[in-house]
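Okay, here's what each chain looks like letter by letter:
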Amino acid sequence: MFARSARNAVLVSTHGGNQFNAFGMIQHPDPFDFHDPDIKTESLISGRRVVPVRVLEAAFRRFVGGRDVELLKRYRKAGEGRVFVLAPPPPKEDDEFVRTKSETLFRENGIDELGVTPAIVRLKLWALQVRVMRSVFVPMKIDVLLPPGDTVTRDGYLAPEFYGKDATHANTAYGSKVLDMLDKALPRKPAA
């Protein structure tokens, strides 16, 4: 369909996006923290292994790459319209909500025993993923759309009124905000 569409066609992809949760939702047995250039914190969490951000960026390049990138390359080559990728919603700040509402995959992998990675580390992982997404997709002429500003707290987390029922997803009110954002951002056909 995109290949047959007009030049002003728009394709919005939601491929991928949950890598930061898969990587960092469950507290690692060797707790870590890192400095992220996009999330300013006064200090790292005491007693944690400090991982160089470049090491994490390299890992996320592998996570963001692969199947999703190949599919988006095909979309990009298929038509002359604009292609966008939606960035995932940022993490939820409420660690207890995340622990008690985590999906089966996280429960089966020990979130109740190991605990939840602290919110600030999860926020840094989200910021890192968005930065890597931009570095991969923008050179392909694919724009990465950030979450609507009014869905995010002052500190950068998903605002509680947009929490979905589980640990990782946003709700339908968030989806409506995303659709409104897209409606305002996308080109209009000239009036007849």
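What counts and what doesn't
- Residues numbered from 1 in each chain as written.
- Predicted model: local features only at pLDDT ≥ 70, side-chain atom pairs only at ≥ 80, totals over all residues.
- Heavy atoms only, no water.
- Helix = DSSP H or I, 4+ residues; strand = E, 2+ residues; numbered from the N terminus.
- Rg over C-alpha atoms; globule rule 2.2 N^0.38 Å.
- Buried < 20%, exposed > 50% of the residue type's maximum accessible area, 1.4 Å probe, protein only.
- Contact = heavy atoms within 4.5 Å.
- Areas by Shrake-Rupley, 256 points an atom, 1.4 Å probe, with all protein chains shown as cover.
- Lys, Arg positive; Asp, Glu negative; His and termini not counted.
- Charge placed at Lys NZ, Arg CZ, Asp CG, Glu CD.
- 1 Å grid on protein atoms, 1.4 Å probe; cavity = no way out; pocket = protein on both sides within 12 Å on 5 of 7 lines; lining within 4 Å.
- Points joined across faces, edges and corners; volume = space filled by probe spheres on them.
- Nonpolar A, V, L, I, M, F, W, Y, C, P; charged D, E, K, R; others polar.

Caption draft 1: Quick peek at the overall build of the protein chain. From N to C terminus, the protein chain includes eight helices and five strands. Overall, the protein chain shows an N-to-C arrangement of helices and strands of β-α-β-β-α-α-β-α-α-α-α-β-α. Taking 2.2 N^0.38 as the reference for a compact globule, 192 residues should give roughly 16 Å; the C-alpha atoms of the protein chain span a radius of gyration of 18 Å, in line with that estimate. Taken along the three principal axes of its C-alpha coordinates, the protein chain extends 60 × 35 × 35 Å. Sorting the 192 residues of the protein chain into buried and exposed places 47% on the buried side. Residue pairs in contact within the protein chain that sit at least 24 positions apart in sequence constitute 77% of those at least 6 positions apart. Taken as a whole, the protein chain presents about 11,000 Å² of accessible surface, with 54% of it coming from carbon and sulfur. Distance between charge centres in the protein chain, computed from 29 positive and 24 negative side chains, equals 9 Å.

Caption draft 2: View of the layout of surface pockets. Estimates place the volume of the largest pocket at around 350 Å³. In this structure, the largest pocket is lined by 19 residues; those nearest its centre are Ala87, Pro88, Pro89, His169 and Tyr174. Secondary-structure elements contributing two or more residues to the lining of the largest pocket are helix 1 (19-24) and helix 8 (172-185). For the lining of the largest pocket, the element with the most residues is helix 8, which contributes three residues. Class assignment for the residues of the lining of the largest pocket results in twelve nonpolar, seven polar and no charged. When its volume is computed, the second largest pocket comes out at roughly 150 Å³. Every residue lining the second largest pocket is listed: Asp38, Ile39, Trp126, Ala127, Val130, Arg131, Arg134, Leu146, Pro147 and Val152. Here the residues of the lining of the second largest pocket are counted per class, giving seven nonpolar, no polar and three charged.

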